[in-house]
Amino acid sequence: MSNKGNNLIKFPELDKSIKHQSMLAIAILAAGKGTRMKSSIPKVLQPLGGKTLLQRVLETCLILKPEKCFLIVGHKSDKVMQSLPNENDLLSFVIQKPQNGTGHAVQQLIPYLADFKGDLLVLNGDVPLLKSETIQKLIKKHKDSNCDVTFLTSLLTNPKGYGRVFSESNGKVNEIIEDKDCNETQLKNKLTNAGIYCFKWNKLVKVLEKLSSNNKQNEIYLTDSISQLESACHLEAEQEEVMGINDKIQLAQCEKALQARICNYWMSEGVTITNPESCSISEDANFGQDVIIEPQTHIRGKCDIGNGCVLGPGSLIKDSIIGKNSSVTLSVLNNCEIKDFVSIGPFANIRPHSKISENCRIGNFVEVKQSTINKNTKINHLSYIGDSSLGKNVNIGAGTITANFDGFNKHKTVIGDHTKTGANSVLVAPIDIGSKVTIAGGSTITKDVPSGSLALERSKQHIKLGWTNSKEAN
Ligand code: UD1
Ligand code: CA
């Protein structure tokens, strides 16, 4: 099974080659409300590919092993802080109240960085697709150029909403003018500010205090510091990486870009994705060789999919492990383990903590919950198997139900090897059914059945000969 993809597309583990950077502090701006989202959830907590925007920004920059990482919070700060496990002391929360703009946000750091002599990397919390390699390039350029600030820019096809960057032919930047403050000619400039900056802190701190809010939004802009510093340089980055998210349209555009990144990676590793645009794949999924992902299939959370599996069409697979050469058609799998050569679906629902062994067949309208199913067992149609343990070569007839709930508690069903249940059997748990047992169709089984026996529980069939004719005679 391949796991080569991880370092390229998901958050890399802390890179051991990068040493702790005692001269680097990081500030992530996450205090804004995100008015344009029109949501009760703060913008930085909006989900993108199964993670919040903030989680993505944080994981991308923590890899740099800074001396300190500040998270500026304000709007619904409790929620934002609770969303992050502060496992190490690296992260410090700084409250910005009220939220008077990005420059005002960075001003909050002044008391915390009084003696700091290094660089401050500032990241907008709503730019989630940025790669850590790009931040590293930015820091390198900042050191090489010795500018007071070096920040990321991009030439955008649609620059609407972004601050425009005005630079000279030698690359030195004169100023950033916010979209709302630009005149018509300035708006034509497509070189935009990405909101990712590396400042010499001792230079920035002098300028920060002087920033005014004399602009259309009456906010203190961090971008105004650029023209006030002695030297400002920029590094151009890929358009896709610096997409900022202000509304649900941009959120969807970013999701699309992220999915293209993930699907392209896996296709380059030999996975067939017949219609990538209709699928979504989590960064925590791994695929073996010759896996085929059919349209409308969604792989979420941590999944490990073995060689030769065919997933979809129309399936949702979450936090699951699938062995080799298994297939899942129009079905839902959640937190389960499927071995080799298993066929699932169409229309099966495999719920958490289910384990299905080699060569099993789970057919249409079958629900399996918290059950272990041994090799070669078939549950082909219309069944519910819950809290059960099934042996090898069991054949579950259509409509067999394990009645596991007595209204108060859940109970277990155990079925031995080579047992067959007839259609519409109800197995009332707790119950132990031996091996090589036959359960007659339509039986409601309430008592344990010893191995090798036939269990039959249904009323006798009565036949009244000539019934129709005698009625018609009246
Ligand atoms: C900002 C930049 C713009 C750039 C764009 C890139 C400014 C003035 N403008 O604009 O030049 O092109 O990002 O995406 O910086 N925030 C706070 N406190 C505040 C205000 C904002 O922490 O008082 C945070 C927000 O939560 C957000 C980030 O700062 O994560 C950016 O704020 P936002 O309002 O989205 O700025 P933009 O208008 O996108
Ligand atoms: Ca923004």
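Reading guide: rules and limits
- Residues numbered from 1 in each chain as written.
- Chains lettered and ligands numbered in written order.
- Predicted model: local features only at pLDDT ≥ 70, side-chain atom pairs only at ≥ 80, totals over all residues.
- Heavy atoms only, no water.
- Donors = N, O, S within 2.8 Å, 3.2 Å for Na, K, Ca; no water.
- Helix = DSSP H or I, 4+ residues; strand = E, 2+ residues; numbered from the N terminus.
- Buried < 20%, exposed > 50% of the residue type's maximum accessible area, 1.4 Å probe, protein only.
- Near = heavy atom within 4 Å.
- Polar contact = N/O pair within 3.5 Å; in protein donor to acceptor, adjacent residues only side chain to side chain.
- Areas by Shrake-Rupley, 256 points an atom, 1.4 Å probe, with all protein chains shown as cover.
- 1 Å grid on protein atoms, 1.4 Å probe; cavity = no way out; pocket = protein on both sides within 12 Å on 5 of 7 lines; lining within 4 Å.
- Sits in = over half its atoms within 2 Å of the grid points.
- Nonpolar A, V, L, I, M, F, W, Y, C, P; charged D, E, K, R; others polar.
- Contact = heavy atoms within 4.5 Å.
- Points joined across faces, edges and corners; volume = space filled by probe spheres on them.
- Domains from an automatic or database assignment.
- Disulfide = S-S within 2.5 Å.
- Buried area = accessible area lost by both parts, 1.4 Å probe.
- Salt bridge = Lys/Arg side-chain N within 4 Å of Asp/Glu carboxyl O.

1. Here's the deal with the coordination of the calcium ion (ligand 2)
For the calcium ion (ligand 2), every protein donor is listed as Asp 126 (OD) and Asn 246 (OD1), and the spread of their distances is 2.2 to 2.4 Å. You can see Asp 126 sitting in the loop between strand S6 (119-124) and helix H5 (132-145) and its partner Asn 246 sitting in the loop between strand S11 (232-236) and helix H9 (248-268), a full 120 residues away along the chain. Asn 246 matches Asp 126 in its accessibility class, with the two residues each being buried.

2. What about the site of ligand 1?
Neighbouring ligand 1 are 23 residues; Gln 96, Gly 101, Thr 102, Glu 178 and Asn 193 lie closest to it. Separating an oxygen atom of ligand 1 from a backbone N or O atom of Ala 31 is a distance of 2.9 Å. At 3.5 Å, a backbone N or O of Asn 100 approaches an oxygen atom of ligand 1. For ligand 1, the accessible surface in isolation is 750 Å², of which the surrounding protein chains cover 92%. When each cavity is represented as a set of grid points, ligand 1 is found to reside in the largest pocket. Mapped by element, the contributors of at least two residues to the shell around ligand 1 are strand S1 (21-30), helix H4 (102-107) and strand S10 (191-200). Of the residues assigned to the shell around ligand 1, the class counts are 7 nonpolar, 12 polar and 4 charged.

3. Brief notes about the side chain of Ser 354
Considering the arrangement of structural elements, one finds Ser 354 in the loop between strand S25 (348-350) and strand S26 (355-356). Here the side chain of Ser 354 touches Gln 370 through a polar contact of 3.2 Å, landing on its backbone nitrogen. Those residues within four positions of Ser 354 in sequence are excluded, and the remaining contacts are Asn 335, Cys 336, Glu 337, Val 368, Lys 369, Gln 370 and Ser 371.

4. Digging into the layout of surface pockets
Empty space within the largest pocket amounts to approximately 1500 Å³. In this structure, the largest pocket is lined by 45 residues; those nearest its centre are Arg 36, Lys 43, Asp 126, Gly 161 and Asn 246. Of all elements in the fold, only S1, H4, S10 and H9 reach the threshold of two or more residues within the lining of the largest pocket. In terms of residue count, the dominant contributor to the lining of the largest pocket is S10 (4 residues). Its residues assigned to classes, the lining of the largest pocket shows 13 nonpolar, 22 polar and 10 charged. Looking at which domains feed residues into the lining of the largest pocket, each of domain 1 (21-236) and domain 2 (248-455) supplies at least three.

5. Describing the state of the cysteines
By the definition in use, this model includes 1 disulfide. Disulfide pairing is shown between Cys 147 and Cys 233; the S-S distance is 1.9 Å. Of this pair, Cys 147 sits in the loop between H5 and strand S7 (149-155) while Cys 233 sits in strand S11; the two residues are 86 residues apart in sequence, bridging distant segments of the chain. Relative accessible area serves as the criterion here: at 1%, Cys 147 is assigned to the buried category. Classification of Cys 233 as buried rests on a relative accessible area of 6%. Residue Cys 198 stays outside any disulfide, its sulfur separated by 11 Å from that of Cys 147, the closest cysteine. Residue classification places Cys 198 among the buried residues on the basis of a relative accessible area of 0%.

6. Description of the domain arrangement of the chain
What the domain assignment lists for the chain is domain 1 (21-236) and domain 2 (248-455). Taken together, the contact pairs 12 residues of domain 1 with 9 residues of domain 2. Overall, the association of domain 1 and domain 2 removes approximately 1000 Å² of surface from exposure, summing both partners, and the carbon and sulfur fraction of that is 55%. It is Met 37, Leu 48 and Leu 129 that lose the most area in domain 1 upon contact with domain 2, and together they represent 46% of the buried surface on that side. Linking domain 1 to domain 2 there are 2 salt bridges. When the shortest N-O distance is used, the salt bridge between Lys 51 and Asp 284 registers 4.0 Å. The tally of links between domain 1 and domain 2 comes to 3 residue pairs in polar contact (both at pLDDT 80 or more). Taken together, the elements giving at least two residues each to the side of domain 1 that touches domain 2 come down to strand S2 (47-48) and helix H2 (53-62).

7. Here we look at the environment of Gly 301
Along the polypeptide, Gly 301 turns up in the loop between strand S16 (298-300) and strand S17 (303-305). Here Gly 301 falls in the partly exposed class, since its relative accessible area comes to 26%. Between the C-alpha atoms of Gly 301 and Thr 274, which are 27 residues apart in sequence, the distance is 21 Å. Ignoring anything within four residues of it in the chain, the contact list for Gly 301 reads Ser 282, Asp 284, Ala 285 and Asp 319.

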